[in-house]
Amino acid sequence: MPKSSPEEPLIAPEVLAKYEPVIGLEVHVQLLTRTKIFCGCSTRFGDPPNTNVCPVCLGLPGTLPVLNKRAVEMAMRASLALNCTVHDHSRFARKNYFYPDLPKGYQISQYELPLATGGWLEVEVAGAKKRIGITRLHLEEDAAKNLHEGFSQSATKAYIDYNRCGTPLIEIVSEPDMRGMDAPDYAHAYLTALRQIMLYTGVSDVNMEEGSLRCDANVSVRPRGSKEFGTKVEVKNLNSFRFLQKALKYEIERHIGVLESGGRLSQETRLWNQAEGHTVSMRSKEKAHDYRYFPEPDLLPVHISSAWREEVRRSLPELPEAKRARFVAAYGITPYDAEVLTSTQALADYFEAVVKAGAPGKAAANWMQTELLRGLKDSGKEISASPVSPAALAELVNLVESAKITAAIGKKVFATMFESGRTAAEIVAAEGLGAQVSDAAIEQAAREVIAKNPDNVAKFKSGNEGVFKFFVGQVMKATRGQANPQAVNDILRKLLSS
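Definitions and cut-offs
Throughout this document, residue positions are counted from 1 along each chain, in the order its sequence is written. Local features are withheld for residues below a pLDDT of 70 in this predicted model, meaning they are given only at 70 or higher, and side-chain atom pairs are given and counted only at 80 or more; totals for whole chains, interfaces and linings count all residues. For side-chain calculations, the full set of non-hydrogen atoms in the structure is used, while hydrogens and water are omitted. Salt bridge criterion: a side-chain nitrogen from Lys or Arg within 4 Å of a carboxyl oxygen from Asp or Glu. Secondary structure elements follow DSSP: runs of H or I no shorter than four residues count as helices, runs of E no shorter than two count as strands, and numbering proceeds from the N terminus. What makes a nonpolar core is a set of buried Ala, Val, Leu, Ile, Met, Phe, Trp, Tyr and Cys residues whose side-chain atoms join them at distances within 4.5 Å. Burial here depends on accessible area, computed with a 1.4 Å probe over protein chains only, as a share of the maximum for the residue type. Under 20% is buried, over 50% is exposed, and the range in between is partly exposed. Contacts are residue-level and defined by heavy atoms, with any inter-residue pair within 4.5 Å sufficient. Within 6.5 Å between ring centres, the rings of Phe, Tyr and Trp (the latter by its six-membered ring) count as paired, and their orientation is classed by plane angle as stacked under 30 degrees, edge-to-face over 60, tilted in between. By definition, being over a ring means that NZ of Lys or CZ of Arg is both within 6 Å of the ring centre and within 35 degrees of the ring normal. Strands qualify as paired when DSSP identifies two bridges or more between them. Each residue carries a pLDDT value, the predictor's own confidence for that position, ranging from 0 to 100. Note that the arc is computed from the directions linking the helix axis to the C-beta atoms. With a 1 Å grid laid over protein atoms only, a set of points is called a cavity when a 1.4 Å probe fits there but cannot get out and a pocket when it is open yet has protein on both sides within 12 Å along at least five of seven lines; lining residues have an atom within 4 Å of a point. Grid points are joined across faces, edges and corners, and a volume is the space filled by probe spheres set on the points. Think of it as three bins: nonpolar holds Ala, Val, Leu, Ile, Met, Phe, Trp, Tyr, Cys and Pro, charged holds Asp, Glu, Lys and Arg, and polar takes everything else, Gly as well. To get an axis, fit a line to the C-alpha atoms, keeping to the stretch in contact for a helix; angles then go from 0 to 180 degrees between the N-to-C directions. By the definition adopted for this analysis, an angle is roughly parallel if under 35 degrees, roughly antiparallel if over 145, roughly perpendicular if from 65 to 115, and oblique otherwise. With the far helix as reference, a near helix turned anticlockwise by less than a right angle produces a left-handed crossing, and one turned clockwise produces a right-handed crossing. Note that His is not counted, nor are the chain ends; the positive residues are Lys and Arg, and the negative ones are Asp and Glu. By the criterion applied in these results, polar contacts are pairs of N or O atoms within 3.5 Å in which, for protein atoms, one can donate a hydrogen and the other can accept it, and in which residues neighboring in sequence qualify only through two side-chain atoms. An expected span of 1.5 Å times one less than the residue number is assigned to each helix.

**Let's talk about the pattern of salt bridges**
For step 1, the next point in the chain: Taken as a whole and assessed by the stated rule, the structure comprises 26 salt bridges.
For step 2, the next point in the chain: Between R44 and D47 there is a salt bridge, and its shortest N-O distance comes to 2.9 Å.
For step 3, the next point in the chain: Between R254 and E268 there is a salt bridge, and its shortest N-O distance comes to 3.9 Å. Linking R254 in helix α4 (residues 241–260) with E268 in strand β14 (residues 268–273), this pair joins segments that are 14 residues apart in sequence.

See the structure below:
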């Protein structure tokens, strides 16, 4: 018998409806500092293994950590952008566990006195908004990286690269506010919004492929209407937003299946196996007392003055949600347009530069979302490396809006601009692309098209308005796309109505 596809629902809808899934996320974000959190070693990614290390981050005897002030400042930026309360006093602790990626045998983290607490993010799924609470945001050091393949003895041995060890991290712990069968979709929206804010604030490059953003999910289910949480399972190895959704949906159905069959769930950590489309058990879940937390004796408590906190708050940029609302109000674009154009700070800045150069907001938004983004994607370029500058795009948009060239010609001109870096005016003049067709020539072309298509003429006269687009297209084709579209519309309607 063939196995069921993991994409297919394994539990009947009426059974799923009996339960309420509950999800909370723990997100680790590497801070974009040049040096590590407790020493001066570089955080540069991709250097040869074990070259960015020193006695401090290797945990050699007799060494002392020194806190990186820039890491604290970046953590404050993230906290304030996430509506958290940044506390005057916080403290580092030792989190003890023994694993090859921890040279000291413990991780310096924060426990009972974190940097910030009590934040929130508002997200939207299918038109429904939900506020997701943020329990805490704290600072800690990253562990080293275990490498299990690519070496001569990988089949029998693991290799360790300590370059990452000591990279500054913030851990952002959400409240278990993603609930219901659409909880995985809210988890995806939350992670997307969180990533965008980290980019806007310059806190991190949030590159999941390089490990700058890592996410663990806590999943449980409970009978609908129950106030008690179910048994919690932590799912790790979620290295893409799409995998996150798939893993959470799988795990929810697994929980319900176990409960429906009369079984009991274990509190454990599981890994998502993307190749096989399911989770696998990794280990029983640790509790806080297993880590034997105690205050870090080698570091002083962290004191945040109100002046420093407000200085960091004033330095925050306009955040995505506020920028989206302003774009809709100021430029007359749709909420969807605003969402696309604010996906990154660089894209939003480019759009505003196009409008500032004289292009109408809606027209600029349309050209960016179609021609520009398509060209960038096909060429593998970022917006910062666009061959078409904002001023050049504004010039092209205005040529089309003023009917000096048609939209079809404009698209061809844009393609040439993207390839050559030349301006729209240069290309139009050199290739004679201006809308040069006279009204008399348009009328002649229209009469010929009408004469050749009596059946469509009859359809139009019987009330089939949709066939009018056919006539417009044929006339534009006959005039090689150089006729003024409005003139084509007016002349066709006059002839077809006579």
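**Looking at the nonpolar core**
For step 1, the next point in the chain: Judged by nonpolar contacts, the single largest core of 71 residues is most densely connected at L25, L82, I170, I172, Y190 and M198.
For step 2, the next point in the chain: At 10 residues, helix α3 (residues 183–200) tops the list of elements feeding residues into this core.
For step 3, the next point in the chain: Each residue touching Y190, except ones within four places of it in the same chain, is listed here: L25, V27, L121, V123, I132, I134, I172, S174 and M178.
For step 4, the next point in the chain: Judged by nonpolar contacts, the second largest core, of 38 residues, contains L341, V355, A365 and A394.

**Brief notes about the packing of aromatic side chains**
For step 1, the next point in the chain: One pass over the structure, following the stated rule, counts 12 aromatic pairs.
For step 2, the next point in the chain: Judged by centre distance (6.2 Å) and plane angle (55°), the rings of Y250 and W272 are tilted. Here Y250, found in helix α4, pairs with W272, found in strand β14; they are 22 residues apart in sequence, far enough to count as distant.
For step 3, the next point in the chain: Residues Y291 and Y293 carry aromatic rings whose centres are separated by 5.9 Å and whose planes lie at 70° to one another, so their mutual orientation is edge-to-face.
For step 4, the next point in the chain: Judged by its relative accessible area of 13%, Y291 falls in the buried class.
For step 5, the next point in the chain: Classification of Y293 by relative accessible area gives partly exposed; the value is 22%.
For step 6, the next point in the chain: Grouping aromatic residues by their ring pairs yields a cluster made of Y97, Y111, Y291 and Y293.
For step 7, the next point in the chain: The ring of Y291 has K95 lying over it, and the distance from NZ or CZ to the ring centre is 4.5 Å.
For step 8, the next point in the chain: Sitting over the ring of W120, R131 keeps its end group 3.6 Å from the ring centre.

**Thoughts on the pairing of strand β1 (residues 19–30)**
For step 1, the next point in the chain: Of all 12 residues that make up β1, 12 are buried, and the element is covered over most of its length.
For step 2, the next point in the chain: Where β1 meets strand β12 (residues 213–223), 11 bridges bridge the pair, whose relative direction is antiparallel. Its bridge partner lying in β12, G24 is registered against N218.
For step 3, the next point in the chain: Where β1 lies against strand β11 (residues 178–179), two bridges are found, and the strand directions are antiparallel. The residue bridging I23 from the neighbouring strand is M178, located in β11.
For step 4, the next point in the chain: Of the strand pairs in this sheet, β1 and strand β10 (residues 168–174) are connected by five bridges, and their pairing is antiparallel.

**Let's talk about the confidence of the model for the protein**
For step 1, the next point in the chain: Per-residue confidence for the protein gives a mean pLDDT of 91; residues scoring 70 or more make up 96%.
For step 2, the next point in the chain: In the model, residues 1–9 has pLDDT below 50 throughout and makes seven contacts with residues more than four positions away in sequence or in other chains.

**Here we look at helix α14 (residues 454–461)**
For step 1, the next point in the chain: Residues of α14 that are buried: N456, V457 and F460. Down the axis, α14 shows its buried residues gathered within 105° of arc, on one side only. Residues P454 and D455 are exposed on α14 and point more than 90 degrees away from its buried face.
For step 2, the next point in the chain: The inward-facing, buried residues of α14 contact α13 (439–452), α15 (468–478) and α16 (485–497).
For step 3, the next point in the chain: Just downstream of α14, G463 is the residue with a positive phi angle, here 110°.

**So, the sheet that holds strand β4 (residues 92–96)**
For step 1, the next point in the chain: Pairing within the open sheet is antiparallel, and its three strands lie in the order β5-β4-β16. Of all the strands in the sheet, the pair left with one neighbour each is β5 (106–110) and β16 (294–295).

**Describing the layout of surface pockets**
Taking a probe equal in size to a water molecule and rolling it over the atoms shows the remaining empty space.
For step 1, the next point in the chain: The space that makes up the second largest pocket amounts to roughly 970 Å³.
For step 2, the next point in the chain: Lining the second largest pocket are 29 residues, and of these E122, A193, Q196, R324 and E339 sit closest to its centre.
For step 3, the next point in the chain: Every element with two or more residues in the lining of the second largest pocket is listed here: β6 (116–125), α3, α6 (320–331) and α7 (335–341).
For step 4, the next point in the chain: Per-element accounting of the lining of the second largest pocket gives the leading share, eight residues, to α3.
For step 5, the next point in the chain: For the lining of the second largest pocket, the per-class residue count stands at 16 nonpolar, six polar and seven charged.

**Overview of the packing of α13 against α15**
For step 1, the next point in the chain: At a minimum axis distance of 9 Å, the contact between α13 and α15 shows a crossing angle of 125°. The pairing of α13 with α15 is recorded here as oblique in orientation. Handedness of the α13/α15 crossing: right-handed. Two secondary-structure elements touch here, α13 through I442, A445, A446, V449 and I450 and α15 through F471, Q474, V475 and A478.
For step 2, the next point in the chain: Residues belonging to the contact of α13 with α15 are distributed by class as follows: eight nonpolar, one polar and no charged.

**As for the side chain of R77**
For step 1, the next point in the chain: Tracing the backbone through its elements, the reader meets R77 in helix α2 (residues 69–81).
For step 2, the next point in the chain: Comment: no salt bridge for buried R77; closest opposite-charge side chain is E73, at 6.4 Å.
For step 3, the next point in the chain: Of the polar contacts made by the side chain of R77, one reaches the backbone oxygen of T201; its length is 2.8 Å.
For step 4, the next point in the chain: With near-sequence residues (within four places) excluded, R77 lies in contact with T201, V203, V312, S315, L316 and P317.

**Topic: α3**
For step 1, the next point in the chain: The end-to-end C-alpha distance of α3, which contains 18 residues, comes to 26 Å, matching closely the 26 Å that a straight helix rising 1.5 Å per residue would cover.
For step 2, the next point in the chain: With respect to burial, α3 is a largely interior element, 13 of its 18 residues being buried.
For step 3, the next point in the chain: The first or second residue beyond α3 is G202, which carries a positive phi of 75°.

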